[in-house]
Amino acid sequence: MRLGVILGVVVVVLAILAGFFFFDAEVTGDFEAPEVSVTGGEVPDVNVEAGDIDVGTEEVTIEVPTIDVQSPEEEAAEEAPTNN
């Protein structure tokens with residue numbers, strides 16, 4: 001599971017780096033946006049009818065599996081013979 005997460009992170013980092021270094025743009029000269037003026041016009045009337053959405057809650061009992069995770073140290077401690 002950890003390998004998949006690490007691999008995913010590496011892929012994302014490489015994709016970001018490729019995006020930064022893949023393109024090279026050089027801009028020369030000054031940029032000036034054109035002047036725009038708008039006069040007149042009319043906003044249209046809009047009538048929207050949406051459906052009804054009923055939201056509620058319901059109590060449900062579900063069975064959840066249990067998981068027992070042991071580290072290698074715990075497994076070795078259980079397998080080692082005890083001296084009493």
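Since the model is a prediction, treat every value here as computed from it, not as a measurement.

1. Brief notes about the overall build of the protein chain
1) Next: Within the protein chain one finds two helices and zero strands.
2) Next: For the protein chain, whose C-alpha radius of gyration is 32 Å, the value lies well above the compact-globule estimate of 12 Å for 84 residues.
3) Next: Considered along the principal axes of its C-alpha atoms, the protein chain spans approximately 95 × 55 × 15 Å.
4) Next: Of all 84 residues assigned to the protein chain, the portion counted as buried reaches 0%.
5) Next: Only carbon and sulfur atoms are counted for the fraction: they give 58% of the accessible area of the protein chain, which is about 9700 Å².

2. Overview of a nonpolar patch on the surface
1) Next: Together, Val-5, Ile-6, Val-9, Val-10, Val-12, Val-13, Leu-14, Ile-16, Leu-17, Phe-20 and Phe-21 make up an exposed nonpolar region whose accessible area comes to about 1100 Å².
2) Next: Inspection of the secondary structure puts Leu-14 in helix H1 (residues 2-22).
3) Next: The exposure class assigned to Leu-14 is exposed, which follows from its relative accessible area of 53%.

3. A few points about the environment of Gly-51
1) Next: Mapped onto the fold, Gly-51 is located in the loop between H1 and helix H2 (72-79).
2) Next: Between the alpha carbons of Gly-51 and Ser-37 there is a distance of 40 Å; along the sequence they are 14 residues apart.

4. Points about a negative patch on the surface
1) Next: A contiguous patch of negative charge, built from Asp-68, Glu-73, Glu-74, Glu-75, Glu-78 and Glu-79, is present on the exposed surface.
2) Next: Checked against the element boundaries, Glu-73 lands in helix H2.

About the thresholds
- Residues numbered from 1 in each chain as written.
- Predicted model: local features only at pLDDT ≥ 70, side-chain atom pairs only at ≥ 80, totals over all residues.
- Heavy atoms only, no water.
- Helix = DSSP H or I, 4+ residues; strand = E, 2+ residues; numbered from the N terminus.
- Rg over C-alpha atoms; globule rule 2.2 N^0.38 Å.
- Buried < 20%, exposed > 50% of the residue type's maximum accessible area, 1.4 Å probe, protein only.
- Areas by Shrake-Rupley, 256 points an atom, 1.4 Å probe, with all protein chains shown as cover.
- Patch = residues over 30% accessible without salt bridge, like charges linked within 9 Å, V, L, I, M, F, W, Y side chains within 5 Å.
- Salt bridge = Lys/Arg side-chain N within 4 Å of Asp/Glu carboxyl O.
- Lys, Arg positive; Asp, Glu negative; His and termini not counted.
- Charge placed at Lys NZ, Arg CZ, Asp CG, Glu CD.

Such coordinate-based values are descriptive only and should not be taken to indicate function.
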